[in-house]
Amino acid sequence: TQLRLVPLLSLVGFVFVFLLWFFFLDEEQPPLNIGHVPTMEQGRALMKEIQASSAVGSGLTLVLTGSILPLLHDSIRQYAACSVVQQIHVNWSNNHQMPLPRRFLQEGKVAAAAEVIRTNAVLLLDADVSLSCQDLNRAMVEWQRDSTRLVGFAPLYMDDGNTNNVGGSYSVLSSKALMAHKALVKDLQPTTRATNDSCSSFLLAAKWAMLSQQAPTALTSNIRAIDDGDDNNVSCHSRLLKALKQRSLPFDNVVYTSRTKRMD
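Summarised in this report is the structure supplied together with it. Source: prediction; values computed, not measured. (Residues numbered from 1 in each chain as written. Predicted model: local features only at pLDDT ≥ 70, side-chain atom pairs only at ≥ 80, totals over all residues. Heavy atoms only, no water.)

1. Considerations on the packing of helix α2 (residues 40-52) against helix α7 (residues 203-212)
- The contact between α2 and α7 brings their axes to 9 Å, and the two run at 95°. Relative to α7, α2 is oriented roughly perpendicular. Between α2 and α7, the residues in contact are M40, G43, L46, M47 and I50 and W208, M210, L211 and S212, respectively.
- Counted by class, the contact of α2 with α7 contains 7 nonpolar, 2 polar and no charged residues. (Axes fitted to C-alpha atoms, helices over the stretch in contact; angles between N-to-C directions. Helix = DSSP H or I, 4+ residues; strand = E, 2+ residues; numbered from the N terminus. Parallel < 35°, antiparallel > 145°, perpendicular 65-115°, else oblique. Contact = heavy atoms within 4.5 Å. Nonpolar A, V, L, I, M, F, W, Y, C, P; charged D, E, K, R; others polar.)

What follows is the structure, given as structure tokens:
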């Protein structure tokens, strides 16, 4: 009798371990809150709107996001010195819903919260990501080549955990350092981003890759591809596809160092 119980107990143990594994796997991969996703017809209308607008001149508007006031203040001063930056909008993500201190609005190029974005080029940037004025100029040049594409510095690699911006294929870029036409920011960027879920920073790029059927342009930089603790790139990419009900997205496998040179 005891010998007969051994296979049965082994089977019960296997089923128990499997259920635990399934439960925790599901816990680690919650569904993404993707917000509004335009239809393909609305996507085509967005594309026409962008193509009809000018990408030349006027510089860019920097939308700076952060929760630490000293870091925001330092970033404002750093980027206000860049000639390509025409306007700075500050998105202070604080838990107490307090207004931004008045002294911030007295800094050069900082726009009031209600002020509209004046430029077609918008750079979404987290205050804890440091780019040089030269990086901003490179992004602007690349974006002006084709303003229907997104340009950024932090791709999500699909094939491996590479965080050196070299190798692997990518379909999306993080909105922690992303340049886009203001129409896309208005229609595709979530109003709030889950700070505890790094995948949420790739939603704008994933939506536009689906709607436009074109991959974004990634530029080389010194910032990491994912700089907030998510070491499972494949899992994040799968969650994005599942949220958008897509089997795949257009991809590229190079990052660009300049207008004419690229790194394989």
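Now that the structure has been shown, the text picks up again.
2. With respect to the packing of aromatic side chains
- Counting across every chain of the model gives 1 aromatic pair.
- Ring plane angle 90° and centroid distance 6.2 Å describe the contact between Y157 and Y170, whose orientation is recorded as edge-to-face. With Y157 in strand β5 (residues 155-157) and Y170 in strand β6 (residues 170-173), this residue pair connects regions lying 13 residues apart in the sequence.
- For Y157, a relative accessible area of 1% puts it in the buried group. (Phe/Tyr/Trp six-rings, centres within 6.5 Å; stacked < 30°, edge-to-face > 60°. Buried < 20%, exposed > 50% of the residue type's maximum accessible area, 1.4 Å probe, protein only.)

3. Describing empty space enclosed by the protein
- One pass over the structure, following the stated rule, counts 1 cavity of 30 Å³ or more.
- In this structure, the largest cavity spans a volume of roughly 40 Å³.
- Residue lining of the largest cavity: R149, L150, A205, W208, A209, Q214, A215 and P216, and that is the complete set.
- A class-by-class count of the residues in the lining of the largest cavity yields 6 nonpolar, 1 polar and 1 charged. (1 Å grid on protein atoms, 1.4 Å probe; cavity = no way out; pocket = protein on both sides within 12 Å on 5 of 7 lines; lining within 4 Å. Points joined across faces, edges and corners; volume = space filled by probe spheres on them.)

4. Describing α7
- Here α7 lies mainly inside the structure; 10 of its 10 residues are buried.
- All of the buried residues in α7 are L203, L204, A205, A206, K207, W208, A209, M210, L211 and S212.

5. Quick look at the environment of L211
- Residue placement: L211 occurs in helix α7.
- Judged by its relative accessible area of 7%, L211 is buried.
- Taking C-alpha positions, L211 is 5.8 Å from M40, a pair spaced 171 residues apart along the chain.
- The contact partners of L211, leaving out residues within four places of it in the chain, are P38, T39, M40, G43 and L188.

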